Each structure stands twice: as C-alpha cells, then as structure tokens.
Amino acid sequence: MAPYMRLRQICLVAPQLEPVISDIAEIMGLSVCYRDGNVAKYGLENALLPVDTILLEVVAPFKDGTTAGRFIEKTGGRGGYMAIFCCNDPDERGRNANALGVRTANVIDHAPYHGVQLHPRDCRAAFIEFNHTEGSDDILGAYPPAGPDWQKFIRKDVTRALTAVEMQSPDPQGLAEHWGRILGVAARDAELKLPNATFRFVSGASEIMSALDFRVSDAARVLHAARAKGHAVAGNEFLLGGVTFRVS
C-alpha cells in the first residue's frame, strides 16, 4: 500500500465548551457528531463537528492540572491545540519523530484505532498525532474518536471544506521544515501540501496554530452570523476558540 498522510482532525482548546462549540456550530452551519466520554480520564470534555471529512474538535478542561489547562495558561488561550493525521503506520511515524528528537507523549490503543501523540514542546506550536483505524482506509469509513455514525452529521450547506491551517512562527520556514520532517512531507515555500489540506507557515511573534481557512457557500452570511454572536469581524475573519476563522 502506498504511504498516505491526510489531515484527519483539528483540535481547539477552550476554558469551557460553551459557548465555543455552539457558536462554531451555528456560525459555520455544522453539527456536533459526538462527545467522547473517554477523554474524561484526562480531565477533559469534548465535542466534535465534521467539516466534510475533517473533524473539528473542541476540548475543555473540567479539573485542574490537565495538559489542556496548562496549554491555555501558557498561551493565554491563543492557538490551536492539536493537528491529527491519519497514516498507514502511526508507530513508524512515531519512531521517525523520535529519531528527530521529538518525544512520544502518549500512545492510544483502542482497537481498531491506534494513535501516537508527540510531545508539543518538541513538535513546536501544537501537538501532532498520527493515527490509523484498521480496515478503514476509506476517508468516509469508521473513525472511532468521532463516534459510530459521524458521517451522518456532515453538512455542506454553509461550510464546504476546511482547506488550510495557518501556523505562526518567528522562523516560519524553519517550523515548516520541522513539521515536514515529522510528517514526511516536503516543505515548499513555507507550505506543506497534503491531499486534503495545506499547512501554511507565516511570520509571527510566537509559535502557534493561528488560523483555519474554510471554503463556505456565502461568506457574508457566515460573517453576519459571527457578528450576531458578538464576535469582532475584520475583513473575512473572526476569532473563535483561540484561532482565527477565515472564510472565502
């Protein structure tokens, strides 16, 4: 089987799930497909919304001392938490990352799902996770973290796709090359192109996942909905869940 690497999921972090998750759902015309009770052992609650075949997740700590809580304290709540990729062999990608000096932070083994999470300090800017679901190479196939029937919750009437993830760094080319080595994808012009999304690296004061780009059916309608929810809109973007939502 030829190697593949696709963006599977973007995880944002918020002090509380509400109103972030309901605002995203209402503004972007998305539906929550699942709330995963398994994350409670990490002191978190979550909700996931499919954007076509990419899952957008928000996690929130409900007790002190969580990694997500420390992330919020460290960043002031600015920046996305995790980029999750599906691939043939998460363990191989993990070993490759280890050889680059990027430590493994956590291994999740819930057959048929297997995931390897890397240490955010070594990844820089955000967590990286690689995962694979046995017997589910179809991008619309089973994906346990999103629940048993996540595909039924896909809505495309307002938001059509999540097309790009923007990463900021004082050294954008260096961060692009670092992530490229971890992912096994060549960095070109401070970009990593995956089959279903682009990671774009831009200059910024700190290293964060700074923005998500969405293709929508009616940008003016989405921006109006964001204003109606009390979010400050500038041009074609607004801040929600610690990242800039950019629509076109």
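Structure's up top.
Asks: Can you walk me through the sheet that holds strand 7 (residues 127–133) in this structure?
Replies: In sheet architecture, strand pairing relies on hydrogen bonds along the backbone and comes in two forms, parallel and antiparallel. Spatially, seven strands are ordered 2-3-1-4-7-6-5 in an open sheet, and the strand pairing comes out mixed. Because the sheet does not close on itself, it has two edges, and the strands there are strand 2 (44–51) and strand 5 (104–110). The mean inter-strand angle of the sheet, taken between neighbouring strand axes irrespective of direction, is 20°. Strand direction decides the pairing type here: strand 6 (residues 113–118) and strand 7, joined by five bridges, are antiparallel. Within the sheet, the bridge partner assigned to Y113 lies in strand 7 and is T133.

Asks: Sorry if this is basic, but what is going on with the packing of aromatic side chains here?
Replies: Taken as a whole and assessed by the stated rule, the structure comprises nine aromatic pairs. Ring centres 6.2 Å apart and planes at 70° place the aromatic pair Y113 and Y143 in the edge-to-face group. Of this pair, Y113 sits in strand 6 while Y143 sits in the loop between strand 7 and strand 8 (159–169), and the two are 30 residues apart along the sequence. Residues Y113 and Y143 agree in their burial class; the two are buried. Ring geometry for W179 versus F201: centroids 6.4 Å apart, planes at 70°, classification edge-to-face. With a gap of 22 residues between them, W179 in helix 5 (residues 172–183) and F201 in strand 10 (residues 198–203) connect regions that are remote in the sequence. An identical accessibility class is assigned to W179 and F201; each is buried. A connected cluster of aromatic rings, assembled from ring pairs, spans F85, F130, W179, F199 and F201. We note R8 situated over the ring of Y143; from NZ or CZ to the ring centre the distance is 4.5 Å.

Asks: Sorry, what's going on with the sheet that holds strand 10 here?
Replies: Strand order in this open sheet of seven strands is 9-10-8-11-14-13-12, and the pairing throughout is mixed. Two strands lie at the open edges of the sheet, namely strand 9 (191–193) and strand 12 (233–234), each paired on one side alone. Bridge count between strand 8 and strand 10: six bridges; the pairing is parallel. Pairing of S169 across the sheet is with S203, part of strand 10. The strands that helix 5 touches are strand 8, strand 9 and strand 10; relative to strand 10, the one it contacts most, it runs at about 150°. Of the strands in this sheet, strand 11 (208–216), strand 12, strand 13 (237–240) and strand 14 (243–247) touch helix 6 (residues 219–228), which is tilted by about 40° from strand 13.

Asks: Would you take a moment to explain the nonpolar core for this structure?
Replies: Side chains of nonpolar character tend, in soluble globular proteins, to be buried together. In terms of nonpolar packing, the biggest core is built from 60 residues, with I24, M28, F85, W179 and F199 touching the most fellow members. If you tally residues by element for this core, the top one is helix 1 (residues 20–28), at six residues. If near-sequence neighbours (up to four positions away) are discounted, F85 is found in contact with M5, R6, L7, R8, I128, E129, F130, N131, W179, L183, L194 and F199. The next biggest cluster of nonpolar side chains, apart from the first, holds 20 residues, and it includes L48, V59, F71 and F127.

Thresholds applied
Residues numbered from 1 in each chain as written. Predicted model: local features only at pLDDT ≥ 70, side-chain atom pairs only at ≥ 80, totals over all residues. Heavy atoms only, no water. Pairing = 2+ DSSP bridges. Helix = DSSP H or I, 4+ residues; strand = E, 2+ residues; numbered from the N terminus. Axes fitted to C-alpha atoms, helices over the stretch in contact; angles between N-to-C directions. Phe/Tyr/Trp six-rings, centres within 6.5 Å; stacked < 30°, edge-to-face > 60°. Buried < 20%, exposed > 50% of the residue type's maximum accessible area, 1.4 Å probe, protein only. Lys NZ or Arg CZ within 6 Å of the ring centre and 35° of its normal. Contact = heavy atoms within 4.5 Å. Core = buried A, V, L, I, M, F, W, Y, C linked by side-chain atoms within 4.5 Å.

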